[in-house]
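# A closer look at the structure
Take a look at the letters that make up each chain.
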Amino acid sequence: AASLRKAARSELALGKPRAALALYEKLRATHPASSEAHTVLPTVGRLRLDLGDASAALRAFDAYLNRPGTLAPEALSGKIRALRALGQRSAERAAVEQYLARYPKGLERPLLERRLAELGGP
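Positions within a chain are numbered from 1, following the residues in the order the chain's sequence is written. Residues qualify for local features only when their pLDDT is at least 70, as the model is predicted, and side-chain atom pairs are given and counted only at 80 or more; totals for whole chains, interfaces and linings, by contrast, use all residues. Side-chain descriptors were evaluated using all non-hydrogen atoms of the structure, hydrogens and water having been removed beforehand.

### Re the overall build of the protein chain
Only DSSP runs of H or I reaching four residues or more are called helices, and only runs of E reaching two or more are called strands; each is numbered from the N terminus. When you go through the protein chain residue by residue, the secondary structure sums to eight helices and zero strands. Walking the protein chain from its N terminus toward its C terminus, one meets helices and strands in the order α-α-α-α-α-α-α-α. Scaling as 2.2 N^0.38, a compact globule of 122 residues should have a C-alpha radius of gyration of about 14 Å, and the protein chain matches this with 15 Å. For the protein chain, the spread of C-alpha atoms along the three principal axes comes to 45 × 25 × 20 Å. Throughout, a contact is declared for two residues whenever any of their heavy atoms are within 4.5 Å. Residue pairs at least 24 apart in sequence account for 39% of intrachain contacts in the protein chain once pairs closer than 6 positions are excluded. Every radius of gyration here is taken over C-alpha atoms, with the globule rule written as 2.2 Å times N^0.38, N being the number of residues.

### As for the environment of Ala72
Tracing the backbone through its elements, the reader meets Ala72 in helix α6 (residues 72-86). According to the relative accessible area criterion, Ala72 is buried, its value standing at 5%. The spacing of Ala72 and Ala60 is twelve residues in sequence and 12 Å in space, taken between C-alpha atoms. Ala72 has contacts with Tyr64, Leu65 and Tyr103, leaving out every residue within four places of it along the chain. Burial classes follow relative accessibility: with a 1.4 Å probe on protein chains only, a residue under 20% of its type's maximum area counts as buried, one over 50% as exposed, and anything between as partly exposed.

### Quick notes on helix α2 (residues 17-30)
Multiplying 1.5 Å by the residue count of a helix minus one yields the expected span of that helix. With 14 residues, α2 extends 20 Å between its outermost C-alpha atoms, agreeing within 8% with the 20 Å of an ideal straight helix rising 1.5 Å per residue. When α2 is considered as a whole, its buried residues turn out to be Ala20, Leu21, Leu23, Tyr24 and Leu27. Down the axis of α2, the buried set is contained in an arc of 165°. They therefore lie on one face. Exposed and facing more than 90 degrees away from the buried side of α2 are Arg18 and Ala29. Buried-residue contacts for α2 involve α1 (2-13), α3 (35-39) and α4 (41-50). Within this analysis, the arc is defined by the directions that extend from the helix axis to the C-beta atoms.

### A closer look at the layout of surface pockets
It is the rolling of a water-molecule-sized probe over the atoms that shows where space remains empty. With a 1 Å grid spanning the protein atoms alone, the term cavity applies to any set of points in which a 1.4 Å probe fits but cannot get out, the term pocket to an open set with protein on both sides within 12 Å along at least five of seven lines, and the term lining residue to any residue with an atom within 4 Å of a point. Grid points are joined across faces, edges and corners, and a volume is the space filled by probe spheres set on the points. The calculated volume of the largest pocket comes to roughly 180 Å³. Lining the largest pocket we find Pro42, Thr43, Arg46, Phe61, Leu71, Glu74, Ala75, Ser77, Gly78, Arg81 and Glu108. Those elements giving two or more residues to the lining of the largest pocket turn out to be α4 and α6. In terms of residue count, α6 provides more of the lining of the largest pocket than any other element does, five residues in total. The class makeup of the residues in the lining of the largest pocket is four nonpolar, three polar and four charged. Just so you know the grouping, Ala, Val, Leu, Ile, Met, Phe, Trp, Tyr, Cys and Pro go in nonpolar, Asp, Glu, Lys and Arg go in charged, and all remaining residues, Gly too, go in polar.

### A look at the environment of Glu36
When you line up the elements, Glu36 lands in helix α3. Placed twelve residues apart in sequence, Glu36 and Tyr24 show a C-alpha to C-alpha distance of 9.2 Å. Setting aside anything within four residues of it in sequence, one finds Glu36 in contact with Ala1, Ala2, Arg5 and Leu27.

### Here we look at the packing of helix α7 (residues 89-102) against helix α8 (residues 109-118)
Only the stretch in contact is used when fitting a helix axis, every axis being a line fitted to C-alpha atoms; angles between N-to-C directions are given from 0 to 180 degrees. One way to put it is that α7 packs onto α8 with a least axis distance of 10 Å and a crossing angle of 145°. The handedness of the crossing between α7 and α8 is left-handed. Residues Arg89, Glu92, Arg93, Val96, Glu97, Tyr99 and Leu100 of α7 form the contact with α8, whose own contacting residues are Arg109, Leu112, Glu113, Arg115, Leu116 and Glu118. For the contact of α7 with α8, the per-class residue count stands at five nonpolar, no polar and eight charged. Here a crossing is called left-handed whenever its near helix is offset anticlockwise from the far helix by less than a right angle, and right-handed whenever the offset is clockwise.

Next up, the structure:
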């Protein structure tokens, strides 16, 4: 699992997101119970979103958030982006509110506060 993760990171560094995603997916398929299989989910979600598959991205972010770890802020932020891409405004609003409540000093707070206002929030 560690060698697949390292190879995927190398592909990302080379600017090859599709190759990186394929390696991350292989890691998840061949080592599903490994800690790496779980910790790569936010990255898988981000790559899926960047490659135009918001539905798959949302599934990856949700899978990580079902057992959140240190990357939970990033996963929740990604979930918000995926929901926005899918046009799910009410779910996006709920996720933004959740982010702001959980991470009051989060780096994305100003951006998310503006987005919440756009969505009709306080």
